[in-house]
Amino acid sequence: MRNKVTVIGAGNVGATTAHRLAERGYADIVLIDIIEGMPQGKALDLYEASPVVGVDAQIVGANSYEETADSTVVVITSGVARKPGMSRDDLLKTNMGIVADVTRKVVAGSPNAILIVVSNPLDAMCHVAYEAAGFPSERVVGMAGILDTARYRSFVAEELNVSVQDVHAYVLGGHGDTMVPLASYTTVAGIPIQELLPADRIEAIIDRTRKGGAEIVGLLKTGSAFYAPSAAVAEMVDAIILDQKRILPCAALLTGQFGINDLYVGVPVKLGAGGIEQILEIKLTAAEQAALEHSAAAVEGLVDAMARLQ
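Keep in mind the model is a prediction, meaning the values are calculated, not measured.

At a minimum axis distance of 9 Å, the contact between helix α5 (residues 122–133) and helix α10 (residues 286–309) shows a crossing angle of 50 degrees. The orientation of α5 with respect to α10, classified from their angle, is oblique. In this structure, the crossing between α5 and α10 has a hand that is right-handed. Facing α5, whose interface residues are Asp-123, Ala-124, Met-125, His-127 and Val-128, α10 presents Val-299, Leu-302, Val-303 and Met-306. A breakdown of the residues in the contact of α5 with α10 according to their chemical character gives seven nonpolar, one polar and one charged.

According to the stated counting rule, one finds ten salt bridges in the structure shown. A salt bridge links Glu-235 to Arg-246, with the shortest nitrogen-to-oxygen separation between them at 3.2 Å. Highlighted residues: Glu-235 in helix α9 (residues 227–241) and Arg-246 in strand β12 (residues 246–255), separated in sequence by eleven residues. Classification of Glu-235 as partly exposed rests on a relative accessible area of 24%. For the salt bridge of Glu-277 with Lys-245, the shortest nitrogen-to-oxygen distance reads 2.7 Å. You can see Glu-277 sitting in strand β14 (residues 275–279) and its partner Lys-245 sitting in the loop between α9 and β12, a full 32 residues away along the chain.

For the rest of this paragraph, the subject is the side chain of Ser-119. Along the chain, the position of Ser-119 falls in the loop between β5 (114–117) and α5. Accessibility expressed as a relative area gives 2% for Ser-119, which makes it buried. From its side chain, Ser-119 meets the backbone oxygen of Ser-78 in a polar contact 2.4 Å long. Setting aside residues up to four positions removed in sequence, Ser-119 forms contacts with Ile-76, Thr-77, Ser-78, Val-99 and Met-125.

Attention shifts here to the pairing of β14. Note: strand β13 (residues 261–272) against β14, four bridges, orientation antiparallel. The residue bridging Val-269 from the neighbouring strand is Ile-279, located in β14. Counted between consecutive antiparallel strands, the loop separating β13 from β14 contains two residues.

Our next topic: unusual backbone geometry. A cis amide bond links Asn-120 with the next residue in sequence, Pro-121, at an omega value of -5 degrees. Looking at the element boundaries, Pro-121 is found in the loop between β5 and α5. Backbone geometry at Asp-70 places phi at a positive 65 degrees, although glycine is not the residue there. The residue Asp-70 is located in the loop between β3 (59–62) and β4 (73–76) in this model.

Looking now at the sheet that holds strand β11 (residues 191–192). Pairing in this open sheet of three strands is antiparallel, and the strands run β7-β10-β11 from one edge to the other. The outermost strands of the open sheet, each flanked by one partner alone, are β7 (167–168) and β11.

Moving on to the nonpolar core. Among the nonpolar cores identified, the biggest contains 54 residues, and Val-5, Val-75, Ile-116 and Val-237 are the most heavily contacted of them. Ranked by residues supplied to this core, first place goes to α9 with eight residues. What Val-5 contacts, discounting residues up to four positions off in sequence, is Leu-21, Ala-27, Asp-28, Ile-29, Val-30, Val-73, Val-75, Val-237 and Ile-241. Of all hydrophobic cores here, the second largest spans 34 residues; its members include Tyr-65, Ala-100, Cys-126 and Ala-305.

A few words now on α5. Across its twelve residues, α5 extends 16 Å between first and last C-alpha, which sits within 8% of the 16 Å expected from 1.5 Å per residue. Counting buried positions over the twelve residues of α5 gives ten, a clear majority of the element. Within the span of α5, buried status applies to Leu-122, Asp-123, Ala-124, Met-125, Cys-126, His-127, Val-128, Ala-129, Ala-132 and Ala-133. Downstream of α5 by a residue or two, Gly-134 has a phi angle that is positive, lying close to 70 degrees.

What follows covers the packing of aromatic side chains. One pass over the full model with this rule turns up three aromatic pairs. Note on Phe-226 and Tyr-227: the rings are 4.4 Å apart at their centroids and 40 degrees apart in plane angle, and the pair reads as tilted. Since its relative accessible area comes to 18%, Phe-226 is described here as buried. Above the face of the Phe-155 ring, Arg-208 is positioned so that its terminal group lies 4.0 Å from the ring centre.

Once that is clear, we can look at the environment of Arg-2. Here Arg-2 shows up in the segment before β1 (3–8). In the structure, Arg-2 is positioned 149 residues away from Arg-151 in sequence and 33 Å away in space, judged by C-alpha atoms. Apart from residues lying up to four places away in sequence, Arg-2 is in contact with Gly-25, Tyr-26, Ala-27, Asp-28 and Ala-57. Reaching out from Arg-2, the side chain makes a polar contact with the backbone oxygen of Gly-25 at a distance of 3.4 Å. A distance of 2.9 Å separates the side chain of Arg-2 from the side chain of Asp-28, its partner in a polar contact.

Cut-off values and rules
- Residues numbered from 1 in each chain as written.
- Predicted model: local features only at pLDDT ≥ 70, side-chain atom pairs only at ≥ 80, totals over all residues.
- Heavy atoms only, no water.
- Axes fitted to C-alpha atoms, helices over the stretch in contact; angles between N-to-C directions.
- Helix = DSSP H or I, 4+ residues; strand = E, 2+ residues; numbered from the N terminus.
- Parallel < 35°, antiparallel > 145°, perpendicular 65-115°, else oblique.
- Left-handed = near helix turned anticlockwise from the far one by under 90°.
- Contact = heavy atoms within 4.5 Å.
- Nonpolar A, V, L, I, M, F, W, Y, C, P; charged D, E, K, R; others polar.
- Salt bridge = Lys/Arg side-chain N within 4 Å of Asp/Glu carboxyl O.
- Buried < 20%, exposed > 50% of the residue type's maximum accessible area, 1.4 Å probe, protein only.
- Polar contact = N/O pair within 3.5 Å; in protein donor to acceptor, adjacent residues only side chain to side chain.
- Pairing = 2+ DSSP bridges.
- Core = buried A, V, L, I, M, F, W, Y, C linked by side-chain atoms within 4.5 Å.
- Expected span 1.5 Å × (residues − 1).
- Phe/Tyr/Trp six-rings, centres within 6.5 Å; stacked < 30°, edge-to-face > 60°.
- Lys NZ or Arg CZ within 6 Å of the ring centre and 35° of its normal.

Here you go:
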C-alpha cells in the first residue's frame, strides 16, 4: 500500500508543500481546505503536471476528511495570520480553535499518522495538536528549527561567499524573536565560524536570522514566507517516509532535556519512520543554555495564555 501524505490548508505554505511532495513521487497527496473548490483546483493542477515531471502519485483536493484516511503523515498549515488590530491573544484563540478542530478530524481516520505542525504561533500550536490528537509525543512534531537554521546557513554562506552546502549549524528554541542560533555548533566545511568571522559579524547574522521571517513580510507587504517553510516541511516528510534517521532541529516535547519540562521547544532530534526517535541533548555554552531557557519561557508564556483563553 502506498504512503499517503495529507496537507491541511491549501494556502501558500500548504499548496507549495503539496507541490514539493507530489514531485517526489513516494506518496499520494491529499490537500484539504475549507474553501470550496480551491484544494480541488490546486490538486488537479498538480496532478496534470505528473506526466511532465514523471511521477505517478495520486493528488486530490477535498473540503472534508474522508480522503485523508490512513495517512502516514499529516502536515497542518491551517490558521490565520495576525491582522492589524488583532492582539496576540486574539491570534492564539483563533488558531487554537482551528488547529484543534482539524487535528481531531484528521486523526479520526488516521490514528497511526505522524503530525507535523506548521501553524503559528508554532510552538504553542504543537501543544494544541498534541492534546487534540491524544498521540504519543514522538508522533507530534513542529517545523521551525529547520526553517530558522536554513535562514541562518544562507546568511552565513552569503557573508563568506561559500556554498550553502558547506555550512552546518543549528538554531534551537522557540520560533520567534527568542530563537537561539548556536554559534558554537556553526561550521563551514568543518571550520568553526569563529575562525572565519569576527564576533560582531556573527552577531549581526544571528540578529538577521531572528528577524528573517519579518524581513520577508516587510518585503512582500501582503504575505509571509512559503518557499523556505515548504522546503523545510518536505525535508521532514522525507525523513519520516524514507526512514532516514535524520538529525534535524525540530519542535519536540521536552521531558527534562536541557532542564526544560512539558514544553514544545526546538531541539536536535533523530527523525525517522517512528517520528521523533531520539532527542539529542547536546552540550551548550552557558550563554546558549541561558538563551534557550529564555526562549522556553517565552513559549511557556504562550501556553499559559492559551490556558487562560480556554
